[in-house]
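The chain contents come next:
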Amino acid sequence: MNSGLSWCTTIVATSLALRIVVTLPLAVYQSHIIARLANLDKEIAQIAHELRGETARAVRMYNLDEKQAKYLYRRSLKKQINNLIVRDNCHPFKSSLVIWFQLPLWIGLSVALRNMAYMMPYQDMAAQALFLELSVGGALWFPNLTLPDPSFRDACAPRNHQPPEHCSFTRCNITKQLTKVRKVLTYTLRGMSVLMIPIASIMPTDVTLYWLCSSGFALGQNLLMINPKFRRACRIPRTANESQTPFRDLLDRLKKRFEFNKTGT
């Protein structure tokens, strides 16, 4: 190998490099979008209050029925919300930006590692040499990266970590109207994380090692993104529901969940 590193180290380093160079900048930009959307709540509430008054006056002036009044109110509110979104350049679709970039990258690298372990699509001399390097390029409990993980540890690793900022974002009023795609995507990925376990059990270890590293680095990235100091360093706007002690809050939630499970059993 030209790098002088084992394939195990190379996979770990590549996963970390992609996380730092590609995913982290996108996550920062995505957090900007989410914060801008969250900060629109007050303006939207004020606009909605004014529109209700204007709609009530229109009902009296033009003798509108309830159905017409609701249609007029919803159309006007939607138009005002769209104007705010354009003004702040924070379309809700951008709140899932990381997924749309990370998913094809994850699939492409997974397929590439699988093909390397199976000598696909051509079993020429280069493919055979690469196969031999992978067969001795493992570490710890997985010395051979071309075989499935014998201990099943990598296969049981978590596949999907939802960004912590998503939890605060979904509590915003605007989110109830504008994040249907994100919600569907979230539940789809959660279902995929369960389906990936039996698939991972038959994949070569170089693939599951990449998945394990990707999940671990994703968790670290998500914890970094809720750090107030890091958010201020990246100039991410403050939001009303942003916690100044996120790690303490996270620990408290874990304790409560553990206590609940303990009392339940």
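Being a predicted model, the structure only gives us computed values, none of them experimental.

Caption draft 1: Structural context of the UniProt feature "transmembrane region" (unreviewed entry) in the protein. Annotation from UniProt places "transmembrane region" (unreviewed entry) at residues 97-117, 184-203 and 209-226. Between the C-alpha atoms that bound residues 97-117 the distance is 31 Å, and the span itself is 100% helix and 0% strand. End C-alpha to end C-alpha, residues 209-226 measures 26 Å, and it is 94% helix and 0% strand.

Caption draft 2: Examining the nonpolar core more closely. Of all hydrophobic cores here, the largest spans 17 residues; its most connected members are Ile11, Leu113, Leu145, Leu209, Tyr210 and Trp211. Listing elements by their share of this core, those giving two or more residues are helix 1 (7-38), helix 4 (97-118), helix 8 (180-200) and helix 9 (205-225). Here this core takes five residues from helix 9, the largest share from any one element. Residues contacting isoleucine 11, with those up to four places away along its chain left out, are Leu113, Leu145, Asp206, Leu209 and Tyr210. Membership of the second largest hydrophobic core comes to 13 residues, among which are Ile33, Tyr73, Leu84 and Cys90.

Caption draft 3: Local environment of unusual backbone geometry. Residue proline 121 is bonded to the preceding methionine 120 through a cis peptide linkage, with omega at 0°. Within the secondary structure, proline 121 sits in the loop between helix 4 and helix 5 (125-135).

Caption draft 4: Main features of empty space enclosed by the protein. If you walk through the whole model with that rule in mind, you get two cavities of 30 Å³ or more. Estimated volume of the second largest cavity: approximately 80 Å³. As for the second largest cavity, its lining consists of Ser15, Leu18, Arg19, Thr23, Gln102, Leu105, Trp106, Tyr210 and Ser214. Elements represented by at least two residues in the lining of the second largest cavity include exactly helix 1, helix 4 and helix 9. With four residues, the top contributor of residues to the lining of the second largest cavity is helix 1. Taken together, the residues of the lining of the second largest cavity break down into four nonpolar, four polar and one charged.

Caption draft 5: Molecular detail of the packing of aromatic side chains. In this structure the tally under the stated criterion is two aromatic pairs. On the basis of an interplanar angle of 20° and a centroid distance of 5.7 Å, the ring pair of phenylalanine 93 and tryptophan 100 is categorised as stacked. Residue class for tryptophan 100 comes out partly exposed when judged on its relative accessible area of 37%. Pairing tryptophan 106 with tryptophan 211 gives two aromatic rings, centres 5.2 Å apart and planes at 20°, and the pair type is stacked. Residue tryptophan 106 is located in helix 4, and its partner tryptophan 211 is located in helix 9; the two are separated by 105 residues in the primary sequence. Judged by relative accessible area, which is 18%, tryptophan 106 ranks as buried.

Conventions we followed
Residues numbered from 1 in each chain as written. Predicted model: local features only at pLDDT ≥ 70, side-chain atom pairs only at ≥ 80, totals over all residues. Heavy atoms only, no water. UniProt positions renumbered as here; feature names shortened; annotations may be inferred. Helix = DSSP H or I, 4+ residues; strand = E, 2+ residues; numbered from the N terminus. Core = buried A, V, L, I, M, F, W, Y, C linked by side-chain atoms within 4.5 Å. Buried < 20%, exposed > 50% of the residue type's maximum accessible area, 1.4 Å probe, protein only. Contact = heavy atoms within 4.5 Å. 1 Å grid on protein atoms, 1.4 Å probe; cavity = no way out; pocket = protein on both sides within 12 Å on 5 of 7 lines; lining within 4 Å. Points joined across faces, edges and corners; volume = space filled by probe spheres on them. Nonpolar A, V, L, I, M, F, W, Y, C, P; charged D, E, K, R; others polar. Phe/Tyr/Trp six-rings, centres within 6.5 Å; stacked < 30°, edge-to-face > 60°.

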